[in-house]
Amino acid sequence: MKTDWWKWLAIILLAYVVVGGFLFTVPRLPILNETIRVLHFHVPMWFGMLFLFLASVIHSIRYLSNGNQKHDIISSQLATVGILFGVLGMITGMFWATFTWGEPWSSDPKQNASAIGLLIYFAYFILRGSLQDEQQKARISAVYNIFAFAALIPLLFILPRMTDSLHPGNGGNPGFNAYDLDSNLRMVFYPAVIGWTLLGFWVATIKIRYAFLIQKTDD
């Protein structure tokens, strides 16, 4: 029970987020109106994705430093769940864009950059699937994983700020925290970031255990 405290925390936080995200008072902003509630799902999922990818890169580096196969397994499973969160973040973002921008995909620079970032990570799994030798797969995948994360950061946080963008906080468009992320939103948003991130790592631990069992069975 002591080791599972963070899982209980994830359950409590996400229950709170679902209730608060749909029922708590939100600021009445032009165009956004009630759709601002998607903030508690869309953005935290992307935070969770970034934390999962970061943890995946750390294990890739650890594999390259000591050659322990377990780090390759952990890294790949963390990246898998990271991709899932990225796709969910993309879908919720498209839902939000439908009501605020008039269409789910408007070729906004940050939308395009996010799609490119996810495609880079999809290529990571294609690369892994194309290699048969386990050691070669692990080494090349680890190097590629580091490259993918290094490419993702400028794609999400630098390039969109260098051009016009509909996204808050990019291209001269003020961010939410600059003018309207009020106390009501913060009460749900910050727990949402923690809750979704914990859920991502929870799912990843299940996949990692399963992958270890498969490896043990094959051996």
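Our structure is the block above this text.
Residues numbered from 1 in each chain as written. Predicted model: local features only at pLDDT ≥ 70, side-chain atom pairs only at ≥ 80, totals over all residues. Heavy atoms only, no water.

**Student:** Just to check I follow, could you spell out the overall build of the protein for this structure?
**Tutor:** Of regular secondary structure, the protein possesses 7 helices and 0 strands. Of the regular secondary structure in the protein, the N- to C-terminal order runs α-α-α-α-α-α-α. Expressed as a percentage of the 219 residues in the protein, the buried residues total 47%. Pairs at least 24 residues apart make up 74% of the contacts formed inside the protein by residues separated by at least 6 positions. Accessible area of the protein: about 11,500 Å², with a carbon and sulfur share of 69%. (Helix = DSSP H or I, 4+ residues; strand = E, 2+ residues; numbered from the N terminus. Buried < 20%, exposed > 50% of the residue type's maximum accessible area, 1.4 Å probe, protein only. Contact = heavy atoms within 4.5 Å. Areas by Shrake-Rupley, 256 points an atom, 1.4 Å probe, with all protein chains shown as cover.)

**Student:** I'm lost on the packing of aromatic side chains in this one. Help?
**Tutor:** Each aromatic ring pair is specified by the distance between its two centres and by the angle formed by the two planes. Under the definition given, this model contains 10 aromatic pairs. The interplanar angle of 75 degrees and the centroid separation of 5.7 Å between the aromatic rings of Tyr-16 and Phe-24 together place this pair among those described as edge-to-face. The interplanar angle of 65 degrees and the centroid separation of 5.1 Å between the aromatic rings of Phe-95 and Phe-99 together place this pair among those described as edge-to-face. Linking Phe-95 with Phe-99, this pair stays in helix H3 (residues 69–100), spanning 4 residues, or about one helical turn. A relative accessible area of 48% places Phe-95 in the partly exposed class. Put simply, the rings of Tyr-124, Phe-125, Tyr-144 and Phe-147 pair up and form one aromatic cluster. (Phe/Tyr/Trp six-rings, centres within 6.5 Å; stacked < 30°, edge-to-face > 60°.)

**Student:** It is not clear to me how the pattern of salt bridges should be interpreted in this structure. Could you clarify?
**Tutor:** Pairing between side chains of opposite charge can happen when the charged atoms of each approach one another. For the structure shown, the criterion picks out 3 salt bridges. Residues Lys-7 and Asp-4 are paired through a salt bridge, measuring 3.5 Å at the closest nitrogen-oxygen approach. Accessibility expressed as a relative area gives 29% for Asp-4, which makes it partly exposed. A salt bridge links Asp-72 to Arg-128, with the shortest nitrogen-to-oxygen separation between them at 2.8 Å. One end of the pair, Asp-72, is in helix H3; the other, Arg-128, is in helix H4 (residues 109–130), with 56 residues separating them in the sequence. Note on accessibility: Asp-72 and Arg-128 belong to one class, buried. (Salt bridge = Lys/Arg side-chain N within 4 Å of Asp/Glu carboxyl O.)

All we've got here are geometric facts, nothing functional implied.
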